[in-house]
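Read off the chains here:
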Amino acid sequence: MFSRVWTLMVACLLTAPFLLASSEEYIFTLNDQAVFSPSGALGSLASTVEADTSMLELKERKATHCSAAGTPSPMDQAQECYRSLEGKVKKVSAPTLTFLCPTFNGYFFSAVTDGVTVSHEGPVTIQANFFYAEKDVSISGQSISLQGVFCASKVGKISLKAPEGCPGWLRSLTFERAPGERPFDMMFQGCVSFNPPSIENLIVVGANKVTFGVQRLG
């Protein structure tokens, strides 16, 4: 009897730390799917909608990704906004944009041979701009506010990222183009924060897939 009780106690002591460690690896749910990131490694979870416009929200550790609709449609509104900007915004060519002051307005950046990287350690606010690249388009900051921002990439992806050294479990949002003909890949409208992680009514016109990059803390 004593031997059996002792065996059960040892078994509980051996399994309890493993169970506790497993529970700490839990990150968040996306449309009722759970993602785990073992040993602090970077993990990812993707979601796709059958539409050309996506809406994202993130509160605490629960994210939703769904189709966005309206009258007129978000795509019609985005195309009208794009046409209105073409003749008003100054075009500037640059192989790679590497630094951004907190407020950045009034420029049309084109990087035809490389990717575009917009970064700042603090908050980033971009309004009425267009970023075009042959490769990846990346915008990073502790918080990112985008209003009427158009992005296009011929062979790459478009990402919103946390800057290096930024605390928080959310590390990136990577978007992929929805099918269809239009003069831009995606238009962004809304706010993303990486510290603390949150997404408030982020509408991405022209995207049907998003991948969350996450990392367990501690």
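First, a word on what this report is: a plain description of the structure on this page. A quick note: this is a predicted structure, and the numbers were derived from the prediction, not measured.

### Quick look at the pairing of strand E8 (residues 107-111)
Then, in step 1: The element E8 is largely enclosed, with a buried count of four among its five residues.
Then, in step 2: Sheet topology places strand E6 (residues 90-93) next to E8; four bridges connect them, and they run parallel. From the neighbouring strand, Lys-90 faces E8, where its bridge partner is Tyr-107.
Then, in step 3: Here four bridges tie E8 to strand E10 (residues 123-133), and the two strands are oriented parallel to one another. Paired with Phe-109 across the two strands is Phe-131, which belongs to E10.

### Observations concerning the pattern of salt bridges
Then, in step 1: For the coordinates displayed, the defined rule picks out four salt bridges.
Then, in step 2: Across the pair Glu-134 and Lys-154 runs a salt bridge whose closest N-O atoms are separated by 3.8 Å. Of this pair, Glu-134 sits in the loop between E10 and strand E11 (137-140) while Lys-154 is found in the loop between strand E12 (143-153) and strand E13 (158-161), placing the two residues 20 residues apart along the sequence.
Then, in step 3: Judged by relative accessible area, which is 24%, Glu-134 ranks as partly exposed.
Then, in step 4: Given the relative accessible area of 58%, Lys-154 is considered exposed.
Then, in step 5: The partner of Glu-176 in a salt bridge is Lys-209, with the nearest N and O atoms 3.9 Å apart. In this pair, Glu-176 sits in strand E14 (residues 170-177) while Lys-209 sits in strand E17 (residues 207-215), placing the two residues 33 residues apart along the sequence.
Then, in step 6: The class of Glu-176 is partly exposed, set by a relative accessible area of 24%.
Then, in step 7: Note on Lys-209: relative accessible area 27%, which makes it partly exposed.

### Observations concerning helix H2 (residues 74-86)
Then, in step 1: Here H2 contains 13 residues, and its C-alpha end-to-end distance of 18 Å stays within 8% of the 18 Å for a straight helix at 1.5 Å per residue.
Then, in step 2: Every buried residue of H2 is accounted for by Pro-74, Met-75, Ala-78, Tyr-82 and Leu-85. Considered in projection along H2, the buried side chains sweep an arc of 95° and stay on one side of the axis. Seen from the buried face of H2, the exposed residues on the opposite side, beyond 90 degrees, are Glu-80 and Arg-83.
Then, in step 3: Considering only its buried residues, H2 is in contact with strand E4 (53-59), E10, E12, strand E15 (186-194) and strand E16 (197-205).

Analysis parameters
- Starting afresh in each chain, residues are numbered from 1 along the sequence in its written order.
- The model is predicted, so local features are restricted to residues of pLDDT at least 70 and side-chain atom pairs to those at 80 or more, both for listing and for counting; the totals for chains, interfaces and linings are taken over all residues.
- Side-chain numbers come from the whole structure's heavy atoms, not from hydrogens or water.
- For every residue, the accessible area obtained with a 1.4 Å probe (protein chains only) is divided by the maximum for its type, and the residue is called buried under 20%, exposed over 50%, and partly exposed between those limits.
- The way it works is that DSSP assigns letters per residue, a run of H or I at least four long becomes a helix, a run of E at least two long becomes a strand, and they are numbered from the N terminus.
- For two strands to be treated as a pair, DSSP must find no fewer than two bridges joining them.
- A pair is scored as a salt bridge if a Lys or Arg side-chain nitrogen falls within 4 Å of a carboxyl oxygen belonging to Asp or Glu.
- In this analysis, the expected span of each helix is defined as 1.5 Å times one less than the number of residues it contains.
- This arc describes the spread of directions from the helix axis toward the C-beta atoms.
- Here, two residues are considered to be in contact whenever any of their heavy atoms come within 4.5 Å of each other.

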